[in-house]
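# Observations on the three-dimensional arrangement
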Amino acid sequence: MKSHEVDYRIGGHDIQYVEIELDPQETVIAEAGAMFYIKEGIEFVAKMGDGSEPEKGLFGKLMSAASRKITGESIFITHFTHHGVGKSHVAFAAPYPGTIVPVDLAAMGGSVIVQRDAFLCAALGTKISMHFNQRIGSGFFGGEGFILQKLQGDGKAFIHAGGTLVEHELNGQTLRVDTGCVVGFQEGVSFDIQRAGNLKSMIFGGEGLFLATLSGTGKVWLQSMPISKLISQLSTGSPNKNKEDSGGLLNNLFE
């Protein structure tokens, strides 16, 4: 199915949003709960399936819903269609501070691999499916997990990166990054993990036990603040907690 052609505008700074412009009968699909606002003429409905295969039967839709459940996403995808006249707009907001990345799937060879919570919205015709990481080590220790998502099509898709977005173009090179900081990559790039140096570095270096390794040819998108790191900082970095920890340590020293 050929994807609908949509125009867009990205706004905001720390927490961005993308506004999609739709012509009559054009549709954009999005993760449940991602909608920011809609203008006149646009109606939405939650469906099991991304709509890329309209001939798919009930069993196929149930399988798609089950695969989305495995990836940790909602089993429903919301379809926004412009039923009015002229042009209208619908906007989707990022789930946490970061950057929205527009991806032209046709220019990316027809598909990209993204972490399971990176997808935000896309033009109708984009297929969203599971992608199994074939290397067991990277599945268990690589941050993204054993199951990723594959976005396929020839239209626009939008993914979200936490914090600052960094793009790298690999040409037979290898890039090592903190696990969890990989947002997505082209299929020509191989994703694996390796030890973070020797045993002393792994335990005391503060960079974790493993690093994600990206090698091959293609584009890679990285994020400076994955949601797991953000939650960890918010839960352990409050001033009151630091005071309590310091007070407890001093009390122990003088007991």
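Residues numbered from 1 in each chain as written. Predicted model: local features only at pLDDT ≥ 70, side-chain atom pairs only at ≥ 80, totals over all residues. Heavy atoms only, no water.

As recorded in an unreviewed UniProt entry, the chain goes by TIGR00266 family protein and comes from Saccharicrinis carchari.

## Considerations on the sheet that holds strand 4 (residues 35–38)
The strand order across the open sheet formed by four strands is 1-2-7-4, and the pairing between neighbours is antiparallel. Of all the strands in the sheet, the pair left with one neighbour each is strand 1 (7–11) and strand 4. The mean angle between the axes of side-by-side strands here comes to 20 degrees, regardless of whether they run parallel or antiparallel. Pairing of strand 1 with strand 2 (residues 17–22), which is carried by five bridges, proceeds in the antiparallel orientation. Across the sheet, residue isoleucine 10 finds its bridge partner in strand 2, namely valine 18. (Pairing = 2+ DSSP bridges. Helix = DSSP H or I, 4+ residues; strand = E, 2+ residues; numbered from the N terminus. Axes fitted to C-alpha atoms, helices over the stretch in contact; angles between N-to-C directions.)

## A word on the pattern of salt bridges
Oppositely charged side chains can pair when the atoms bearing their charge come close. On inspection of all chains with the given rule, the structure shows six salt bridges. Between lysine 87 and glutamate 21 there is a salt bridge, and its shortest N-O distance comes to 3.8 Å. You can see lysine 87 sitting in the loop between strand 6 (77–82) and strand 7 (88–93) and its partner glutamate 21 sitting in strand 2, a full 66 residues away along the chain. Owing to a relative accessible area of 21%, glutamate 21 belongs among the partly exposed residues under this scheme. Between lysine 219 and glutamate 167 there is a salt bridge, with its nearest N and O atoms 3.7 Å apart. Separated by 52 residues along the polypeptide, lysine 219 in strand 17 (residues 210–223) and glutamate 167 in strand 14 (residues 165–178) bring together distant segments of the chain. Through salt bridges with shared partners, one network takes in Glu21, Asp23 and Lys87. (Salt bridge = Lys/Arg side-chain N within 4 Å of Asp/Glu carboxyl O. Buried < 20%, exposed > 50% of the residue type's maximum accessible area, 1.4 Å probe, protein only.)

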